[in-house]
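Topology and contacts: notes
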Amino acid sequence: MEEIYLDNSATTKVYPEAAEKAFQMMTRYYGNPSSLHSKGLEAEHQLTAARKIIASSMNALPEEIYFTSGGTEGNNTAVFGAVNALKKRGNRIVTTAIEHSSVMEAMQKLEKDGFEVIYLSPDINGKIRIDDVRSAVTKDTILVSIMAVNNELGSIQPIEKVHRIIENAKSPALFHVDAVQAFMKMPLVPKKYGIDLMTVSGHKIHAPKGVGALYIRKGVRILPLHSGGLQEKGIRPGTEPVPAACAMGVAVDMLSADHERHDIILSLNSYCREKLSEISEVVFNSDNDALPYIINISIPGFRSETLLHYLAEKNIFVSSGSACAKGHKSHVLASVGLDGDRIDSALRISFSEDITKENIDYLILCLKNAVSSLARSK
Amino acid sequence: MKEVIIIKLGEIVLKGLNRKTFEDRLIKNIKHRLHKIGPCKVKNSQSIITVAPVFDDIDIDEVADCISHIFGIAAFSRACVAEKDIENIKITSAEYLKDHFDRITSFKVEAKRSDKKFPFTSPEIAREVGGYLADTFPEVTVDVHDPDAVVTVEIRDDAAYIHSEVLKGAGGIPVGTGGKAAILISGGIDSPVAAYMMAKRGIELTAVHFASPPYTSERAEEKVVGLLERVAKYSGRMTMYTVPFTKLQEEIRDKCHEEYFTIIMRRFMMMLSERIAKQNECQALITGESLGQVASQTIGAIACTDIACDMPVFRPLIGMDKEEIITISRKIDTFDISIQPYEDCCTVFTPKHPRTRPVLKNVLAEEQKIDYEPLFSEALQNLKVTEIN
C-alpha cells in the first residue's frame, strides 16, 4: 500500500540527492574542516558552499549563517545568547504564548532566573496582534522572540512590523524569529524585516535530522551556550555536522530552484479544505490565510490519537497537535481559546509537494469511514 | 583470581520431603537464566549451590546481578577460590578482600572445614588467616563480637573458598514450583507488580494483553513488552498473548447500557484470559486489582467479574495502597515505563458514571444482548504471540 505522508511539519523525507551528498561527505570528503591538511580543506570548501547556498536563500551573507544541530539548539542559542549579551541593559523579554517548546521552556527558565517575560496571547486564528507587541515592548526590553509560522496551526505572525516597534520604543532589544516552519515555504528575508536572529532547521525541508542554521545579523553579538573550539566563530563550538550541513545545502538549492512548488501546495491546500468541508463534523482550526503547508482541523467527539492510529492503519500519517508534544495537551490550541473537546480531537495535516489529489481523496474517504465507524469519546 | 558465587537457599530448606524437587527446580532455573551470560557450572553439594563461570571472560558482576533476581535464593556471596594450602589461602584472602576492607573498620574470621584431611582445624585456620589479615590491614581491627564483616574460609574437597559480604537474594520460592498462571497485563503500574509478586511465590507466568487498535497505539503494546521484560528478570521467560479487542469493545458500546460498559468489558477479559490460560496449562489468573482503587475494583464489581471464570483469580495487590504498589514497582524498575502516557484499552470507552454497585442479574441481562461467542473465537484465532526473554 502506498504511503501517504501528511506529517511534513514534523519531519520530511530526505531528498535522495541530499542523502547522496551526505554519503559522499562521509565517505569521500570525510576530513575535519578544522584540519590544516588538504583533506580538511576540501571538507571546508564543501561546507562553505553549503553555507553560501543557505545564505543566498535568505538574501544574507555567508558569514551570517551558523550551523547548529537543529531548531532546538538554534532557538536556545539565540534566546539565551541574546539575553546573556544584553542583560545589563534591561530585564524584560517579549514573546508569545504559542512558541515552540524550545523557546517556551527557555523563556520559563529565564523567568525563574528573574527576567520579566511577557507572553502575548494570540487571537482565535492563532495570530499575535501587532498592537499587543507595541504595548509590550518598552525601552528596557532586551529580546523580542516571535515565531514566523506557528507549528500547529500554520498561522503566520506579523513579524514584518516588529523591528519598527523596537526602534520606536528606543529599546536595545534583539529580534529573534523562530522560522523553522516558515523556512523555504514563504519569502523570508531577515534583513528586510530587521530580524537579528533567525532559526531554521534541516529536517523540515528534506535534509537529514541533526542539522540546522542560525542566522545572526552581521554586527550582532550574542554569547555562546557551550565552551569549546572556534568552529562557527565560537558561537557553536564542536566539529560541524558536515554531512548533514552539506545535504541541507543541496535541499535548499533544490527547493530554491523549484518555482512551481508554492502553487502546487496552494492548490493542494484549497482542494483539501474543500473536500474536508464535505464532512460535516470537521471544524477548521487553521485560518484561510495560514501557511498553505498546514491544515489543522478538529472532529469533535473523536480523539486525535484514535483518528491518527486509524489513519495509520490505512498508511496515512498525520499528527495530533505537534509531534514533539507526545501525550501532552497542546498549549497552542488552548491559548487560541479552543475548548477541551476541540483540542482533544485536533489533527494536523501538513503537505509536501509530492502529495497528489488522489492522496487527498483517499484521506477524505478514510476520514469519512472513521467518523461513521469509530466510537465517539465521551 | 577465580571468583564464584555461593548461594544460600531461602524458604526451600523448610520444605521437608519436597526439598529435592525445589532444589532441582532452582538449579534448573539458575542454569537457564545464566545461559545468555555464558556457560557456568552449577553444583549442589553439602546443601550449598556454587555457581562457577567456565571461562575467565565471563563477567562475574553480571552473573551476580542475574542471581540476585532469581527467586528461591535468600542470600548469596561472591567467593574467591584458593588452593588448599594455608599460606596460599592467607595471601589470596588479603588480595581478594582489599576493596572490601577499605570500607570497613572491624572483622572476624570464621572457618569451616568439611575436608577433614586438611591439616589445620577450623579454629586454627581462623586464627592463621585472621592474624594475617590484621597484619596486612592495620586500620581494620579484629572484633569477634560485633564485626562489620565476617570473613568465611571454607575448606571443601576441591578447594578453599573465601568470602565475606553476604548479599540479599530475591527471596521467595523457585519459579515453576508453584504451577503456572496467566497475568492480565494492561500497561499500568499495578499489573507488573502483581506479576512479580506471584512469580515470587513460585508461579511461572503467561501474559495476556488486550489491544484495541486504533483506540490504542502500537506504542502501548511496546510499553507492555518493555514492562514484561523487566518482570522477566525475576520470573524468567514467558509468552505474551495480545488479544485483538476492538470489535468486542465496539459491540459492548453499541449494544449495552453505558454504565455497564466497564464491568462487561472486564468480564469478557476474564473469560478470554481463562481460555488462553487453559490452552497454556495455567491453573489460575492473576490481576493487579486493588480494592476500591477504581469503580471496577469495588467489592460488588469484583464479585461480578470473579464469577465470569471458573479458575482461581489471584489478586496479590488487593489490600495494598497505591504508594505501597509504587514502592515495589520502583524496586523492580517498572515504574518509569508504566507512567509513559499511552492510552490503554481500559480507558478508551470509559463511561462518565460507571456502576460501582452492579447487580449481577442486571449485568448478565445486559451481557446477553451480545452474541459474544463468535467474536471470542475470532479474537482467539487472531492472537498475537510475543516471546519475552
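Since we're looking at a predicted model, the values are computed, not measured.

Each helix and strand in chain B was counted, giving 13 helices and 14 strands. With respect to the three principal axes, the spread of C-alpha positions in chain B is 85 × 35 × 35 Å. A buried classification covers 44% of the 389 residues belonging to chain B. Summarising the internal contacts of chain B: among those between residues at least 6 apart in sequence, 80% fall at separations of at least 24.

Looking only at helices and strands, chain A has 13 helices and twelve strands in total. Whereas a compact globule of 378 residues would reach a radius of gyration of roughly 21 Å, chain A reaches 21 Å, a difference of no more than 12%. Its C-alpha atoms give chain A principal-axis dimensions of roughly 65 × 50 × 35 Å. The 378 residues of chain A split such that 49% are buried. Within chain A, contacts between residues at least 6 apart in sequence are counted, and of these 74% link residues at least 24 apart.

With that settled, the discussion passes to the pairing of strand β3 (residues 48–53) of chain B. Residue and element names in this part refer to chain B. One ladder, built from three bridges, connects strand β1 (residues 3–9) with β3; its direction is antiparallel. The residue bridging Ile5 from the neighbouring strand is Val51, located in β3. As paired elements, strand β2 (residues 40–45) and β3 share six bridges and run antiparallel to each other. Directly across from Lys43, in β3, lies its bridge partner Thr50.

Now for the sheet that holds strand β12 (residues 346–350) of chain A. Residue and element names in this part refer to chain A. Read across the sheet, three strands follow the order β9-β10-β12 without closing on themselves; strand pairing throughout is antiparallel. For this open sheet the edge positions go to β9 (283–284) and β12, each flanked by a neighbour on one side alone. In the sheet, strand β10 (residues 294–298) pairs with β12 via five bridges, with the strands oriented antiparallel. Residue pairing across strands places Ile295 opposite Ile349, the latter belonging to β12.

Time to look at the domain arrangement of chain A. Residue and element names in this part refer to chain A. According to the domain assignment, chain A consists of domain 1 (16–256) and domain 2 (259–373). The C-alpha centroid of domain 2 is placed 28 Å from the C-alpha centroid of domain 1. Split by residue class, the side of domain 1 that touches domain 2 holds ten nonpolar, nine polar and two charged.

Next up on the list: the packing of helix α8 (residues 261–279) of chain B against helix α9 (residues 299–306) of chain B. Residue and element names in this part refer to chain B. Where α8 contacts α9, the axes come no closer than 8 Å and their chain directions differ by 40°. When the interaxial angle is binned, α8 and α9 end up oblique. Regarding α8 and α9, the two cross each other, and that crossing is right-handed. From α8, Ile263, Arg266, Arg267 and Met270 reach across to α9, where they touch Ala301, Cys304 and Thr305. Looking at the contact of α8 with α9, its residues break down into four nonpolar, one polar and two charged.

What follows is about the interface of chain B and chain A. Counting residues at the interface gives eleven residues for chain B and eight residues for chain A. Within the side of chain B that touches chain A, the residues separate by chemical class into six nonpolar, one polar and four charged.

Here we come to helix α5 (residues 190–200) of chain B. Most of α5 of chain B sits inside the fold, with ten of its eleven residues counted as buried. Looking one or two residues past α5 of chain B, Gly202 of chain B carries a phi angle of roughly 90°, positive in sign.

Residues and elements named next belong to chain A. When you line up the elements, Gly70 lands in the loop between β2 (65–68) and α3 (71–86). Through-space distance from the C-alpha of Gly70 to that of Leu268 is 28 Å; in sequence the pair is 198 residues apart. Not counting the four nearest positions on each side in its chain, Gly70 is found in contact with Ser201, Gly202, His203, Lys209, Gly210, Val211 and Gly212.

Right, let's get into the pairing of strand β7 (residues 197–201) of chain A. Within β7 of chain A, five of the five residues are buried, which leaves the element mostly enclosed by the surrounding structure. Where burial is concerned, the two faces of β7 of chain A agree: the one with Leu197, Thr199 and Ser201 of chain A and the one with Met198 and Val200 of chain A are both buried.

Turning our eyes to something else, we now look at the environment of Lys247 of chain B. Residue placement: Lys247 of chain B occurs in helix α7 (residues 246–255). For the pair Lys247 of chain B and Val385 of chain B, spaced 138 residues apart in sequence, the C-alpha to C-alpha distance is 19 Å.

Turning to the domain arrangement of chain B, a few remarks are in order. Residue and element names in this part refer to chain B. Here the domain parsing of chain B yields domain 1 (3–171) and domain 2 (180–388). Each of domain 1 and domain 2 has a C-alpha centre, and these two points are 43 Å apart. Tallying the contact residues gives seven residues for domain 1 and six residues for domain 2. Broken down by secondary-structure element, the contributors of at least two residues to the side of domain 1 that touches domain 2 are α1 (19–34) and β8 (160–171). When residues in the side of domain 1 that touches domain 2 are grouped by element, the largest group, three residues, is from α1. Of the residues that constitute the side of domain 1 that touches domain 2, the class distribution is two nonpolar, four polar and one charged.

Our focus in this paragraph is the packing of helix α3 (residues 86–102) of chain B against helix α4 (residues 122–136) of chain B. Residue and element names in this part refer to chain B. Interhelical geometry of α3 versus α4 gives an angle of 40° and a closest axis separation of 9 Å. Taken as axis vectors, α3 and α4 run oblique relative to one another. Here the hand of the crossing between α3 and α4 comes out right-handed. Residues Ile86, Ile89, Lys90, Ser93 and Ala94 of α3 touch α4, and the partners they reach there are Glu128, Val129, Tyr132, Leu133 and Thr136.

Once that is clear, we can look at the confidence of the model for chain A. Of the residues in chain A, 98% have a pLDDT of 70 or more, and the chain-wide mean is 94. For residues 322–326 of chain A, every residue scores under 50 in pLDDT, and the model assigns this stretch seven contacts once sequence neighbours within four places are set aside.

So, about the sheet that holds strand β8 (residues 212–216) of chain A. Residue and element names in this part refer to chain A. As summarised here, the arrangement of the seven strands in space is β2-β8-β7-β6-β5-β3-β4, forming an open sheet in which the pairing is mixed. Strands with a single pairing partner mark the edges of an open sheet, and in this sheet they are β2 and β4 (116–120). Neighbouring strand axes in the sheet, compared pairwise and without regard to direction, differ in orientation by 20° on average. Strand direction decides the pairing type here: strand β6 (residues 174–178) and β7, joined by three bridges, are parallel. The residue of β7 that forms the bridge with His176 is Leu197.

Right, let's get into the confidence of the model for chain B. With 97% of its residues at a pLDDT of 70 or more, chain B shows a mean pLDDT of 91. Confidence estimates for the predicted assembly give a pTM of 0.84 and an ipTM of 0.76.

Of the consecutive residues Pro213 of chain B and Pro214 of chain B, the connecting peptide bond is found in the cis state with omega at 0°. Along the chain, the position of Pro214 of chain B falls in the loop between β10 (204–211) and α6 (218–235). Unusually for a residue other than glycine, Met184 of chain A sits at a positive phi of about 70°. Along the chain, the position of Met184 of chain A falls in the loop between β6 and α7 (190–193). Overall, Met184 of chain A belongs to the buried group, with 20 C-beta atoms counted inside 10 Å. One non-glycine residue with positive phi stands out, namely His206 of chain A, at about 70°. Look at His206 of chain A and you get buried, because 26 C-beta atoms sit within 10 Å.

Here is what the cut-offs are and how they apply
- Residues numbered from 1 in each chain as written.
- Chains lettered and ligands numbered in written order.
- Predicted model: local features only at pLDDT ≥ 70, side-chain atom pairs only at ≥ 80, totals over all residues.
- Helix = DSSP H or I, 4+ residues; strand = E, 2+ residues; numbered from the N terminus.
- Buried ≥ 20, exposed ≤ 12 C-beta atoms within 10 Å, placed from the backbone.
- Contact = placed C-beta atoms within 7 Å.
- Rg over C-alpha atoms; globule rule 2.2 N^0.38 Å.
- Pairing = 2+ DSSP bridges.
- Domains from an automatic or database assignment.
- Nonpolar A, V, L, I, M, F, W, Y, C, P; charged D, E, K, R; others polar.
- Axes fitted to C-alpha atoms, helices over the stretch in contact; angles between N-to-C directions.
- Parallel < 35°, antiparallel > 145°, perpendicular 65-115°, else oblique.
- Left-handed = near helix turned anticlockwise from the far one by under 90°.
- pLDDT = per-residue confidence, 0-100.

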